Amino acid sequence: MEYPQHKASQACGACKKQKRKCDKLLPQCGRCLRISRPCDYADTPKPPSTAADLESLQARLTELEHRLSGASEPDSLSATGSVSRSSSLATESSTPSRGPNSFPSALFLDIDCYKWSHMQLPSPAASIPMDILSILNQGNSILETSTLFFDTIHQWMPIISKKRLELGISLKDGRPEIALLFLTMKLNTSPPPAGNKFDPIYSAAKSFMVTLEASGVVSLISLQAMTLMAVYEYSHSIYPAAWMTVGACARLAELLGVSPGKDSMKIMSPAVSLEIVKNGTGKIFTEYLQQTTWTELEEKRRVWWAIYVLDRIISLGSRRRFCLPDPADTDVIPVDDDAWDLGDVAHIVHYPVTTPLSTPVSPFSRLCQSAIFISRAAICRSDSQTEVAHHIAAVASLTEDLNTFSFILAEEMTPLSPTRYLRLLAPQCLTWSALFLLLDNYCCPEKLSDEPGYILSADVKGQDEVVTQVQATLVVRNISDRAHGLTANLMNIVSHLPCNDQLGTISPFLLDALYCVMVTFQWIFREGGDEQAKARLADIEACMGRLSERWMLAAEYLALSGIYRQAGNT
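- In the nomenclature of an unreviewed UniProt entry, the chain is known as Zn(2)-C6 fungal-type domain-containing protein of Aspergillus wentii DTO 134E9.
- Its UniProt record, at the heading Subcellular location (unreviewed entry), says of the chain: "Nucleus".

In structure tokens, the structure reads:
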């Protein structure tokens, strides 16, 4: 039997699994296209791209660009999504040029020579591969991706200026890396592929990112895309890629001079050349980091803070060294999220890092404050060379600070709408993660060594350490019980979400704390047979199972919890 040229011979994998009717359209069926999920016709070969296909893609992009350049109202601009300027619409796969216009290696090999000889940074020559264009031009993919991204991921990771995107500024200034940014936005808004398959969008995005990097692309947009790539890899437990990507983000941020400090205001003046200039935070590229508005400057700060948060979170389980340094006391935390989204400069207040925790700030600022606490907990935990009494005092003081911050967050979460409640979940859970990191070794009745693996130390606990053990155990049990209540609220909110796509409003940053709580309840049940702990463990496992439908990291944590369960049954 013959099938139409643009139809598959069988239903796609996702429709098969859900037993839904599939229209079998190629390269993506209507249902998958409508809900922006990957469409996979397992054994059905896709027809090769033809010249007509290429011409059609080019025409659609050109139409988008014309609509963008001719629009004057934000509403009409938000309904468009150019992925690059017309000069960068070539669809061949780019290969890095090593000609006279390549990125000057002297910038890294001999900075004195670079500055003395007045070398310049060329505009990188890169193009958008055909497979990337195909992904971005499926239906209204760019518009739908943008809308879903700002409705979900942006709620807890607000690092892309919605206002600048609506006004078309980011799109007009973007080179081919704007396509990569939209691709990583789509990646983070898509559910994980069925059957733990490798996501083809992820593969395409990683390949395109390497191509742009090798072509000498260095810009804020490429840093934002790389940061979203790190978010995706962390939330789906893709290692060691997640660890490596966060490190690359830190390096690129340093190269661009992106920082949380007010000194970066000095680069607000127009760039007059392509030379590197000095400011209080390091070296910057004037071409790429010329500020025109406060909104843009705040966007850069938020990207730095996002990398800082990821760097701390991704080091929780491994207890490895951080890539980014801690901010200075005079550096500022992000401003009000809603005011920044609206570009409302009349309601902007900058607060330094040392601002009292009782001062009301935005959810993203709370997330940054919780990440700072993770740094403090890691430093305190590793500071075992000091006198025991001083170390115990430092642990007690930090525990009190963390508990205070946790209760401040709990009060802020109580009377709020579900949307704001969800935005504060991640800061609350990261605060608990910091407490688990700090107190974990002290809860055991035996003295543990500093090395991983719960290895017993030959030393005997002193009186101060015994007191700390009791206090640490009470704190850990308390936050575990509070986390159980939080998951009950979370499951209630999830049950009222209009569709599975909205699960993206729940940040994967809360999963580490929930995992620690599962392990704690298992420990309590194994030691004393506490049936309440067993029941609460089951509730949290059910919550993690629901979240695993959106974030594969939750499924990985459930698997690790199962290892502890099996060990307890032997």
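Some words on the pattern of salt bridges
In a structure, side chains of opposite charge can pair up when their charged atoms sit close to one another.
Phase 1 of the analysis: The tally for this structure, following the rule as stated, stands at 18 salt bridges.
Phase 2 of the analysis: A salt bridge links R302 to E298; the nearest nitrogen and oxygen atoms lie 3.1 Å apart. Of the two residues, R302 and E298 both sit in helix α17 (residues 294-313), four residues apart, roughly one turn of that helix. The pair R302 / E298 is uniform in exposure class, with both members buried.
Phase 3 of the analysis: Among the salt bridges present, the one from R366 reaches E412, with a minimum N-O distance of 2.5 Å. Within this pair, whereas R366 is found in helix α19 (residues 363-382), its partner E412 is found in helix α20 (residues 388-413), the two being separated by 46 residues in sequence.

Description of the confidence of the model for the chain
Phase 1 of the analysis: When pLDDT is averaged along the chain, the result is 79, and 76% of the positions lie at 70 or above.
Phase 2 of the analysis: Of all secondary-structure elements in the chain, the lowest mean pLDDT belongs to helix α4 (residues 74-78), at 32, while helix α14 (residues 220-235) reaches the highest, 96.
Phase 3 of the analysis: Note that residues 263-290 has pLDDT below 50 and, in this model, 76 contacts with residues that lie over four places away or in other chains.

Some words on the side chain of S215
Phase 1 of the analysis: Relative to the elements of secondary structure, S215 occurs in the loop between α13 (200-214) and α14.
Phase 2 of the analysis: Of note is the side chain of S215, whose polar atom sits 2.8 Å from the backbone oxygen of T211.

Comments concerning unusual backbone geometry
Phase 1 of the analysis: Cis geometry marks the peptide bond from Y239 to P240; its omega dihedral reads 5 degrees.
Phase 2 of the analysis: In this model, K24 sits at a positive phi of 65 degrees, which is unusual for a non-glycine residue.
Phase 3 of the analysis: As for its position among the elements, K24 is in the loop between α1 (13-18) and α2 (30-34).
Phase 4 of the analysis: By relative accessible area, which is 27% here, K24 ends up partly exposed.
Phase 5 of the analysis: Phi is positive for R319, which is not a glycine, with a value near 55 degrees.
Phase 6 of the analysis: By secondary structure assignment, the location of R319 is in the loop between α17 and α18 (337-342).

Focus: the state of the cysteines
One way to say it: the disulfide is the covalent bond shared by the sulfur atoms of two cysteines.
Phase 1 of the analysis: What the rule picks out here adds up to zero disulfides.
Phase 2 of the analysis: Between C29, a cysteine without a disulfide, and C32, which holds the nearest cysteine sulfur, the sulfur-to-sulfur distance is 3.5 Å.

What to know about the packing of aromatic side chains
Phase 1 of the analysis: As enumerated under the stated definition, the model contains 10 aromatic pairs in all.
Phase 2 of the analysis: Ring-pair connections join several aromatic residues into one group, and the members of that group are W156, Y234, F509 and W551.
Phase 3 of the analysis: When the ring centre of F322 is taken as origin, the NZ or CZ atom of R312, which lies over that ring, is 4.1 Å away.
Phase 4 of the analysis: Lying across the ring of F407, R482 places its NZ or CZ 4.3 Å from the centre.

Describing the packing of helix α22 (residues 463-495) against helix α24 (residues 531-547)
Phase 1 of the analysis: Two elements in contact, α22 and α24, have axes separated by 10 Å at closest approach and are oriented at 45 degrees. Relative to α24, the element α22 lies oblique. α24 is crossed by α22, and the crossing has left-handed handedness. Facing R477, D481, H484, T487, L490, M491 and V494 of α22, the residues of α24 in contact are Q532, R536, D539, I540, A542, C543, R546 and L547.
Phase 2 of the analysis: The class makeup of the residues in the contact of α22 with α24 is seven nonpolar, three polar and five charged.

A look at the nonpolar core
Nonpolar side chains in soluble globular proteins tend to be buried together.
Phase 1 of the analysis: In this structure, M157, L223, W305, F509 and L511 are the most contacted members of the largest nonpolar core, which totals 132 residues.
Phase 2 of the analysis: Take this core: its biggest share by element is 16 residues, from helix α21 (residues 418-443).
Phase 3 of the analysis: Two domains each provide a minimum of three residues to this core, namely domain 2 (130-256) and domain 3 (356-567).
Phase 4 of the analysis: Listed in part, the eight residues of the second largest apolar core include A11, C15, C22 and C32.

What counts, and where the lines are drawn
- Residues numbered from 1 in each chain as written.
- Predicted model: local features only at pLDDT ≥ 70, side-chain atom pairs only at ≥ 80, totals over all residues.
- Heavy atoms only, no water.
- UniProt positions renumbered as here; feature names shortened; annotations may be inferred.
- Salt bridge = Lys/Arg side-chain N within 4 Å of Asp/Glu carboxyl O.
- Helix = DSSP H or I, 4+ residues; strand = E, 2+ residues; numbered from the N terminus.
- Buried < 20%, exposed > 50% of the residue type's maximum accessible area, 1.4 Å probe, protein only.
- pLDDT = per-residue confidence, 0-100.
- Contact = heavy atoms within 4.5 Å.
- Polar contact = N/O pair within 3.5 Å; in protein donor to acceptor, adjacent residues only side chain to side chain.
- Disulfide = S-S within 2.5 Å.
- Phe/Tyr/Trp six-rings, centres within 6.5 Å; stacked < 30°, edge-to-face > 60°.
- Lys NZ or Arg CZ within 6 Å of the ring centre and 35° of its normal.
- Axes fitted to C-alpha atoms, helices over the stretch in contact; angles between N-to-C directions.
- Parallel < 35°, antiparallel > 145°, perpendicular 65-115°, else oblique.
- Left-handed = near helix turned anticlockwise from the far one by under 90°.
- Nonpolar A, V, L, I, M, F, W, Y, C, P; charged D, E, K, R; others polar.
- Core = buried A, V, L, I, M, F, W, Y, C linked by side-chain atoms within 4.5 Å.
- Domains from an automatic or database assignment.

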